[in-house]
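Architecture and fold: a report
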Amino acid sequence: MFFNFKTLGAAALLAGSVAALPAWAETTLTAVMQAPLRSLDPHLSTAQIVRTHGFMVFETLLGMDENYQPQPQMADFTVSDDMLTYTLTLRDGLMWHDGTPVTAEDCVASLNRWSQRDGSAMTMMKYVDSIEATSDSELVIKMKSPFSPVLELLAKPSPIPAFMMPKRLADTPVGEQIPEIIGSGPFKFVADEYRPGDQAVYVKNADYIPREEPASWTAGAKIVNVDKVVWQAMPDMQTSINAIQSGDVDLIEQVTIDLLPLLDMNEDVETGILNPLGAQVTGRFNHRLPPFDDPQVRKAVMYALDQETIMQTAIGNPDFYQLCPSIYGCEVPLASDVGAEYLEGSAEDRMAKAKEMLAASGYDGTPVLMMQPTDLTVLTTQPIVAADRMREAGFTVEVASMDWSTLQSRKNGWQPVSEGGWNFFFTYWGVAGIWNPLVHSLINGSGDDNTWAGWPVNARMEELRAAYLTAGTMAEQKAIAEEIQQIAWDDSFYFNAGEFKSVAAWRTDLKDIQSGPITLFWGVSK
């Protein structure tokens, strides 16, 4: 696959920034991303756009390669024979973007902050005895008892990666945004050119020293071959299509499938799938508020909604989506047909069952507040389709339209709907963020305030998630994962609306585009 950039002279760059530019021509890649960037703190959001921003600026101690294996990145590692001591040694030459050296103390502070936000990190910390810097370049994680996924969690690319930052930033209270975007990664964030929801600019970090190993997903050598990357928001997909055809844009991260024929006719534009894992569309209930605090009412929705109807409306071409009951992704090792009974029958048959179940539940007409993002194309239609089917089943539904950033903020509150709360919304999760019970945020059944939005409570689910961590064989893990999946359907944790593959488009003068769990801007050349 390829990846393309555009060479611009100083006069062609944004007004107001010319004085800061060098005299020679710069190689600039302009991209339209799948959502506007409005939040910059990579520890505070599970949104894909924030995660991609995070990997531009920040790094993780370990990276994950294309075989899903953790590899050294900022640090090399050793593990004691009893699996109770993990020693991480920072590689030479690591510098923060402010010119100060990366230290083990910075990394300890970063891990502590990350572990207060990421669900799987919270689980890991229950097994951790201590995390200490034993020198400027070495940190040691000591466990109370063996916990085999430690390396996997330090390397995972989703939903909240273990990004490292200077201690002075990592000490920011976890509920507050960090005041500066300073990492040690291959790109530097240009704060003066950032316009929330409109433009984000990154420049090559000339002081960055790549690893020697070949690049593979978020592991290996992150070699930057362009001087500047600009993320430019576009008001709609047709505008983005026009921009890439004219050469004003080099890359569109996520093209609406029904507009692909317009690009197929242009010899200067190529299309393809950069993220081979795909993503699962999920409809999330707020389990704390009426009417979805009632499991029978939730179950009626599970039958009212229909995967095929939702995916046909949102994606259209079945070549780019698939339907399955697996909560971990359709093509991962833990995939199974458990729970398939909730998807059986025609849309009409399922609707009849939904009406019957809703009538029996005693639903009293409490309105359902359905949040709809207006600026994220891949998620604009599902709320409308779902609202129509829920109304047909007998629900009262109000669709509240808002931008994606507002939805992301609003979902974190459980106050009554009249005070800004919510009942239901759709999002999507890259399969890399849900492929096993450890990393899957949507199946946390603790109901804890700090878990991902929705807050389901199920004691058996928590027992199984704990058992998965200590399972000795893949067969044992799979058996546990299947029981977890059955509970997720039976207790209506969320509705699995199907899985899709995102199609990107790029100008043909972009070379060596990297495949990965997110869009990767290193390795690309012109």
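Our subject is the structure listed above.
Report on the accompanying structure. (Residues numbered from 1 in each chain as written. Predicted model: local features only at pLDDT ≥ 70, side-chain atom pairs only at ≥ 80, totals over all residues. Heavy atoms only, no water.)

Thoughts on the pairing of strand β20 (residues 504-507)
Alternating residues of β20 divide into Ala 504 and Trp 506 and Ala 505 and Arg 507, and every residue in both groups is buried. As judged from the 2 bridges shared by strand β12 (residues 251-252) and β20, these two strands associate in the antiparallel manner. Counterpart to Leu 251 in the pairing with β20 is Trp 506. Sheet topology note: the strand β13 (residues 269-272)/β20 ladder contains 4 bridges and is antiparallel. In the sheet register, Gly 272 faces β20, and the bridge partner there is Ala 504. (Buried < 20%, exposed > 50% of the residue type's maximum accessible area, 1.4 Å probe, protein only. Helix = DSSP H or I, 4+ residues; strand = E, 2+ residues; numbered from the N terminus. Pairing = 2+ DSSP bridges.)

Some thoughts on the pattern of salt bridges
A complete count under the given rule lists 19 salt bridges for this structure. Here Arg 195 ties to Asp 198 by a salt bridge, and the two come within 2.7 Å at their closest N and O atoms. The shortest N-O distance in the salt bridge between Asp 388 and Arg 391 comes to 3.2 Å. Remark: Arg 391 and Asp 388 occur in helix α11 (residues 382-393); sequence separation between them is 3 residues, near one turn of the helix. Owing to a relative accessible area of 43%, Asp 388 belongs among the partly exposed residues under this scheme. (Salt bridge = Lys/Arg side-chain N within 4 Å of Asp/Glu carboxyl O.)

Points about the packing of helix α9 (residues 307-314) against α11
Packing of α9 against α11 leaves a shortest axis separation of 9 Å and a crossing angle of 145 degrees. Like other packed secondary-structure pairs, α9 and α11 cross with a definite hand, here right-handed. Every residue of α11 that contacts α9 at Thr 309, Ile 310, Thr 313 and Ala 314 is listed here: Gln 382, Val 385 and Arg 389. Residue composition of the contact of α9 with α11, by class: 3 nonpolar, 3 polar and 1 charged. (Axes fitted to C-alpha atoms, helices over the stretch in contact; angles between N-to-C directions. Left-handed = near helix turned anticlockwise from the far one by under 90°. Contact = heavy atoms within 4.5 Å. Nonpolar A, V, L, I, M, F, W, Y, C, P; charged D, E, K, R; others polar.)

A closer look at helix α6 (residues 237-246)
What α6 keeps buried is the set Met 237, Ser 240, Ile 241, Ala 243 and Ile 244. The buried residues of α6 occupy one face: seen down the axis, they fall within an arc of 165 degrees. Buried residues belonging to α6 abut β2 (26-32), β12, α7 (260-264), β13 and β20. Capping of α6 at its N-terminal end is provided by Asp 236; its side-chain oxygen lies 3.2 Å from the backbone amide nitrogen of Gln 238. Backbone geometry just after α6 places Gly 247 at a positive phi near 90 degrees. (Arc of directions from axis to C-beta. Polar contact = N/O pair within 3.5 Å; in protein donor to acceptor, adjacent residues only side chain to side chain.)

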